[in-house]
Amino acid sequence: MNAESKYKKQDFVPDGAVKWCAGCGDFSILAQTQKVLAATGRSPDEFAFISGIGCSSRFPYYVNSYGYHTIHGRALAIATGTKIANPELSVWVAMGDGDGLAIGGNHFLHAVRRNLDMVVILMDNQIYGLTKGQFSPTSIRGQKTKTAPTGTMEDPIDPVALTLGLNGTFVARTTDRSMKQMSEILMRAYEHKGFSMVQILQNCPIFNDGAHDLATAKATRDDHTLVLEHGQKMIFGKDKDKAIVRDGFKPKVVNVADVNEAEILVHDEKDSGLGHFLAQMQGSDYPIPLGVFIERTAPTIDQEYRTSNDAEIERLGKGTLNNLLHQGETWKV
Amino acid sequence: MNDTIKIQELDQVVIRFSGDSGDGMQLTGLQFTGASAVHGNDVVTLPDFPAEIRAPAGTISGISGFQVQFGSKKVNTPGDFPDVLVAMNPAGLLANIKDLKRDGFAIIDRDTFTAANIKKAGYAEEVDPLSPEASLHKKIIAAPITSQTMAALSDFEMDKKSKERCKNFFTLGILFWLYDLSPQYTTDWLKVKFGKKPILAEANIKTMTEGMLYAQNSGFFQSQYRVNSAPTVPGTYRSLTGNEAAGIGLVAAAHLAGLKLFLGSYPITPATTILEEVAKHKNHDVKAIQMEDEIAGICSSIGAAWAGDLAVTTTSGPGVALKGEAMGLAVITEIPLVIVNVQRGGPSTGLPTKTEQSDLLQAMYGRNGESPMPVIAAKSPADCFWQAIEACRLALKYMTPVMLLTDGYLGNGSESFRIPDESELPKLTHTMVSDPEGYFPYNRDPETLARGWVKPGTPGMRNRIGGLEKDALTGAVSHDPDNHDTMVRTRQKKIDNIANDIPDLEVLQSKDGNEVLVIGWGSTYGSIRNRVAKYQKQGKPVSHAHFTHISPFPKNTLEVLRKYKKLVVAEMNLGQLSKLLAAEFPVEVIPLTKIQGRPFTEEEIELVVDTLL
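Residues numbered from 1 in each chain as written. Chains lettered and ligands numbered in written order. Predicted model: local features only at pLDDT ≥ 70, side-chain atom pairs only at ≥ 80, totals over all residues. Heavy atoms only, no water.

(A) Structural view of the overall build of chain B. Check the secondary structure of chain B and you find 20 helices and 23 strands. For 613 residues, the compact-globule estimate of 2.2 N^0.38 gives 25 Å, and the C-alpha radius of gyration of chain B, at 27 Å, lies within 12% of that figure. For the C-alpha atoms alone, the extent of chain B along its principal axes is close to 85 × 60 × 50 Å. In chain B, buried positions account for 63% of the 613 residues. Of the contacts made within chain B by residues no fewer than 6 positions apart, 76% connect residues no fewer than 24 positions apart. Accessible surface for chain B amounts to roughly 23,500 Å². Of this, 52% is attributable to carbon and sulfur atoms. (Helix = DSSP H or I, 4+ residues; strand = E, 2+ residues; numbered from the N terminus. Rg over C-alpha atoms; globule rule 2.2 N^0.38 Å. Buried < 20%, exposed > 50% of the residue type's maximum accessible area, 1.4 Å probe, protein only. Contact = heavy atoms within 4.5 Å. Areas by Shrake-Rupley, 256 points an atom, 1.4 Å probe, with all protein chains shown as cover.)

Shown next, in the form of structure tokens:
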């Protein structure tokens, strides 16, 4: 973070009203993002925000940078072209759970595995908001929606587990109420060279109100979330009395008092095995892990294209129109 | 030396090579074509691939074909029916003998005509494929090609299979002798190709030489033939398939525009070789990206176009269907983009390796909403180069997606391409702006109606665009009814105005009256041109007009159409251009249609036009 940034949050706030519903979790995500952008010290001209379709995909209109609001599910495919065409830009993609993981699921897989250098903010409210309340690929089994009046019959995707499964290089989860953690994660996601997937548990007050209460409400959050901090023991609970230990190949919740302290797992963001292990913490037996699961370095596809083109230019000389036209077997008449 | 052998001169010859897909027929055909082109002939080729990569050997479904027409004047097409059929096995003979001209001949590899192979090819039991009945009374030259190849290579230390693989060069040698062509082109090629395995170069050269000697001494041929060089424009030439030409044209366009080329694509027959061609040119700083699907192909290109690259996506009809929504995004955000559709037989998977022109209406209308874009079509393999540049010119100048239609026949077919001087190439302009003074995203050039192109990263010009309808000036989201009406009409007008910036429709005019105008577009050019030229030589009132620009039509279109009593529209679909012409102009047209996965023959055009004379 650049403590002496010459930019202020206000520099990233454009004219015009923000048109999300009152109480929408997207407001806090937008505000934290604008703060982080200002703190990077980079000119607003150097950011490109790209989105697909959905409530959260209005995001680019609300950030005073370059913005492209595109079509449903395709933000990552479009961002791929933008980033490869101009690796100098800081590319950010805003997406919802339906946009990014249902209609855009295929692009998500390939963007992760290519390790495109960009920040992806996945605003996960477990519902389709803009189409007014149908279930999404992250809706919990049994959730009643307009298209599942007796409850959904599908298991949800866990975006963190999915991204880890694709060898994502930066995988994090936070909530729309965890301001400090969210801004720390967003700044680290910006600084990470590679595909930074930040899942933000976000409340939709209209169609799925309270879906993330366990993780966000004051009364419940301490007992139902595990804050991952690099080098720190995995201890949680209002009274710091619960911990995570290893039980075979699965995590297990225990009382701190009942175990030898050395058994309590210590978080290590560089340990991809541990990341996968923690991704198993889904469902009511576990607290919801928040924080950075993994950060590791790997080549990014935008730089790989740059490097391989430079190598070919070095090897063959810079291509000219003349040698393009005259290459191969030619003859004179 | 047999000095009784005479040399006869011919104007043009059609040879069809056919064999198992592993027999090297494409290679043999290309080598013959190269030698003929270097000799100065005009050449046009058409490969005919099976849909399977390696269908069961010896069967008809595994036959790979390659046809070349070479001539001492412009030949325009790969020819309808072969003068010479090369059949490396019984299946090749059975599949093609009916097409062989009555006064033509087939050269077969006698060694492959075993009982088992004859059966595999699908001949009825006890039929002798070489009998006059089975060969439809056409002349067959049964040369022992495999055994002669093995004999020629008896001193070479190679395994049997490797020796056998040289047999196509024996065949090539026969043809080189027969058409009095120098084998030098192929000798040079082999030396480069097998630079690291000189024994293979030597073996193939030896086999080819033996083939030439065999042709001379076998007594099969009483005459050699010569096709003199064609009076072409002097210059440097190379042979290009349509897809290679399109790929090179796109890279050239980026040079001409001073931009970087970005090609986001996905493999699909018969378009893939454009992506492969462009991918070779990394030292031109092109980015050829194989994306995860068709939609990602076009979307990555849109993202790159937004970022300031000359962006293109290449595909075939099924891919265009998938790209429809994204094309609409390019229309409404007025982003320069070229979509190349190398058409194939449809609908659905259809005939992937065969040719058709049935995506014209899809190109015109295959998107939601009022979503106009320029549509242009290449008329020959070499023309794919020129139209790729033209598509880029329009996209950049008018800030619009442009559809370039070619097809499998053009994409895979090849012809001699005269390498243009750089001064012959158009200058490509674009609308990139970097001055924030008075800038709005939908400020338009008063003449072209194109909006300014602003690369993200440009200081002080931040803006936000998207697929929602935009205010006609500021680019802010607008749901205002009048604004939408204005924007829809403006986008249409911008495309319509391009009519002022494209060449007039030209006519190959008959001196003998305006009875019939044969109209075509795209790849039917060669067959129509050849047949109409013959009518004109015969003093018949038949003329030819061929569309390159279809959306918009050239300004003089109605003026041209009105001059003729009868308008025949020949196309490889059920009459799609006919529909467009009839809808746009107060004229009646007679559709002449064919949907067989193959180009028109001259005879098929004649069958209809004759009835109108």
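(B) Highlighting the interface of chain B and chain A. Across the boundary between the two partners, chain B contributes 69 residues, which contact 56 residues of chain A. Here chain B and chain A share an interface that buries about 5,400 Å² over both sides, 60% of which is from carbon and sulfur atoms. The largest share of the area that chain B buries against chain A comes from Asn283, Arg462 and Arg464 of chain B, three residues that together contribute 14% of it. Remark: the boundary between chain B and chain A carries three salt bridges. Where arginine 306 of chain A meets aspartate 285 of chain B, a salt bridge forms, and the shortest distance between an N and an O atom there is 3.1 Å. Scanning the region where chain B abuts chain A turns up 34 residue pairs in polar contact (both at pLDDT 80 or more). Elements supplying a minimum of two residues to the side of chain B that touches chain A: α1 (25–39), α7 (184–193), β9 (236–241), α9 (242–257), β11 (287–290), α11 (294–306), α12 (317–332) and β17 (464–466) of chain B. Of the residues assigned to the side of chain B that touches chain A, the class counts are 36 nonpolar, 19 polar and 14 charged. Of the strand pairs in this sheet, strand β2 (residues 66–69) of chain A and β17 of chain B are connected by three bridges, and their pairing is parallel. (Buried area = accessible area lost by both parts, 1.4 Å probe. Salt bridge = Lys/Arg side-chain N within 4 Å of Asp/Glu carboxyl O. Polar contact = N/O pair within 3.5 Å; in protein donor to acceptor, adjacent residues only side chain to side chain. Nonpolar A, V, L, I, M, F, W, Y, C, P; charged D, E, K, R; others polar. Pairing = 2+ DSSP bridges.)

(C) Geometry of the pattern of salt bridges. Enumeration over the complete set of coordinates arrives at 38 salt bridges over all chains. For the salt bridge of arginine 114 of chain A with glutamate 292 of chain B, the shortest nitrogen-to-oxygen distance reads 2.8 Å. In this pair, arginine 114 of chain A sits in helix α4 (residues 105–114) while glutamate 292 of chain B sits in the loop between β11 and α11, so the two residues belong to two different chains. Each member of the pair, arginine 114 of chain A as well as glutamate 292 of chain B, carries the same accessibility label: buried. A salt bridge links aspartate 309 of chain B to lysine 287 of chain B, with the nearest nitrogen and oxygen atoms 3.5 Å apart. Of this pair, aspartate 309 of chain B sits in the loop between α11 and β12 (310–315) while lysine 287 of chain B sits in strand β11; the two residues are 22 residues apart in sequence, bridging distant segments of the chain. Residue lysine 287 of chain B is classed as buried on the basis of its relative accessible area, which comes to 4%. Taken together, the salt bridges that share partners define one network made up of Arg306 and Asp310 of chain A together with Lys260 and Asp285 of chain B.

(D) Representation of the domain arrangement of chain B within the structure. Residue and element names in this part refer to chain B. Under the domain assignment, chain B is made up of domain 1 (6–227), domain 2 (238–424) and domain 3 (507–612). Each of domain 1 and domain 2 has a C-alpha centre, and the two are 34 Å apart. Taken together, the 14 residues of domain 1 in the interface contact eight residues of domain 2. Buried area between domain 1 and domain 2, summed over both chains or domains, comes out near 930 Å², and the portion from carbon and sulfur atoms is 50%. On inspection of domain 1 and its partner domain 2, the count reaches one salt bridge. Put simply, domain 1 and domain 2 have two residue pairs in polar contact (both at pLDDT 80 or more) between them. (Domains from an automatic or database assignment.)

(E) Expanded view of the packing of helix α2 (residues 75–85) of chain A against α11 of chain B. Closest axis-to-axis distance for the α2 of chain A/α11 of chain B pair is 6 Å, and the angle between their directions is 45°. When the axes of α2 of chain A and α11 of chain B are compared, the pair comes out oblique. Crossing hand, α2 of chain A versus α11 of chain B: right-handed. Contact residues: α2 of chain A offers Ala77, Ile78, Gly81, Thr82 and Ala85 of chain A, while α11 of chain B offers Ala296, Cys299, Ser300, Gly303, Ala304 and Trp306 of chain B. (Axes fitted to C-alpha atoms, helices over the stretch in contact; angles between N-to-C directions. Parallel < 35°, antiparallel > 145°, perpendicular 65-115°, else oblique. Left-handed = near helix turned anticlockwise from the far one by under 90°.)

(F) Geometry of the packing of aromatic side chains. Tallied over the entire structure, the rule returns 29 aromatic pairs over all chains. Pairing phenylalanine 47 of chain A with tyrosine 190 of chain A gives two aromatic rings, centres 6.2 Å apart and planes at 40°, and the pair type is tilted. In this pair, phenylalanine 47 of chain A sits in strand β1 (residues 47–51) while tyrosine 190 of chain A sits in helix α6 (residues 179–191), placing the two residues 143 residues apart along the sequence. Taken together, the ring pairs in this structure connect Tyr7, Phe12, Trp20, Phe27, Phe47, Phe49, Phe59, Tyr62, Trp92 and Tyr190 of chain A into an aromatic cluster. Directly above the ring of phenylalanine 105 of chain B sits lysine 139 of chain B, whose terminal nitrogen or CZ lies 5.8 Å from the centroid. (Phe/Tyr/Trp six-rings, centres within 6.5 Å; stacked < 30°, edge-to-face > 60°. Lys NZ or Arg CZ within 6 Å of the ring centre and 35° of its normal.)

(G) Geometry of the pairing of strand β4 (residues 118–124) of chain A. Residue and element names in this part refer to chain A. Extensive coverage of β4 is indicated by the burial of seven of its seven residues. Of the pairings in the sheet, the one linking strand β3 (residues 90–96) to β4 comprises five bridges and is parallel in character. Following the sheet pairing, alanine 94 is matched in β4 by isoleucine 121. Sheet topology note: the β4/strand β6 (residues 195–201) ladder contains seven bridges and is parallel. Bridging from a neighbouring strand, valine 120 pairs with methionine 197 of β6.

(H) The arrangement of helix α8 (residues 198–217) of chain B in detail. All names here are of chain B. The end-to-end C-alpha distance of α8, which contains 20 residues, comes to 28 Å, matching closely the 28 Å that a straight helix rising 1.5 Å per residue would cover. For α8, every residue scored as buried is listed here: Leu200, Ala201, Ala203, Asn204, Ile205, Thr207, Met208, Gly211, Met212, Tyr214, Ala215 and Gln216. Buried positions along α8 lie against β7 (139–143), α4 (145–152), α6 (167–178) and α7. (Expected span 1.5 Å × (residues − 1).)

(I) Layout of the sheet that holds strand β8 (residues 235–236) of chain A. Spatially, the three strands line up as an open sheet ordered β8-β9-β10 (chain A), and their pairing is antiparallel. Where the open sheet ends on each side, the last strands, each with one partner, are β8 and β10 (250–255) of chain A.

(J) Looking closely at the side chain of glutamine 576 of chain B. Counting through the fold element by element, glutamine 576 of chain B comes out in helix α19 (residues 576–584). The residues touching glutamine 576 of chain B, leaving out its near neighbours within four places in the chain, are Gln357, Ser358, Asp359, Leu360, Leu361 and Glu571 of chain B.

(K) Structural view of the environment of glutamine 327 of chain A. Residue and element names in this part refer to chain A. Mapped onto the elements, glutamine 327 comes out in the loop between α11 (321–326) and β12 (330–332). For glutamine 327, a relative accessible area of 27% corresponds to the partly exposed category. Residues glutamine 327 and methionine 118, spaced 209 residues apart in sequence, show a C-alpha to C-alpha distance of 38 Å.

(L) A look at the sheet that holds strand β15 (residues 401–407) of chain B. Residues and elements named next belong to chain B. Taken in spatial order, the seven strands of this open sheet run β11-β10-β12-β13-β15-β14-β21, and their pairing is mixed. Edge positions in the sheet fall to β11 and β21 (549–551), since each of these pairs with one other strand and no more. Strand after strand, the sheet turns through a mean of 20° between neighbouring axes, direction not considered. Of the pairings in the sheet, the one linking strand β10 (residues 261–265) to β12 comprises three bridges and is parallel in character. Within the sheet, the bridge partner assigned to leucine 261 lies in β12 and is leucine 310. Packing of α12 onto the sheet brings it into contact with β12, β13 (337–343) and β15, and relative to β15 it is tilted by some 165°.

(M) Representation of the side chain of serine 265 of chain B within the structure. With respect to the helices, strands and loops of the structure, serine 265 of chain B is situated in strand β10. Apart from the residues lying within four places of it in its own chain, the contact partners of serine 265 of chain B are Leu275, Ile289, Gln290, Met291, Gly297, Thr313 and Thr314 of chain B.

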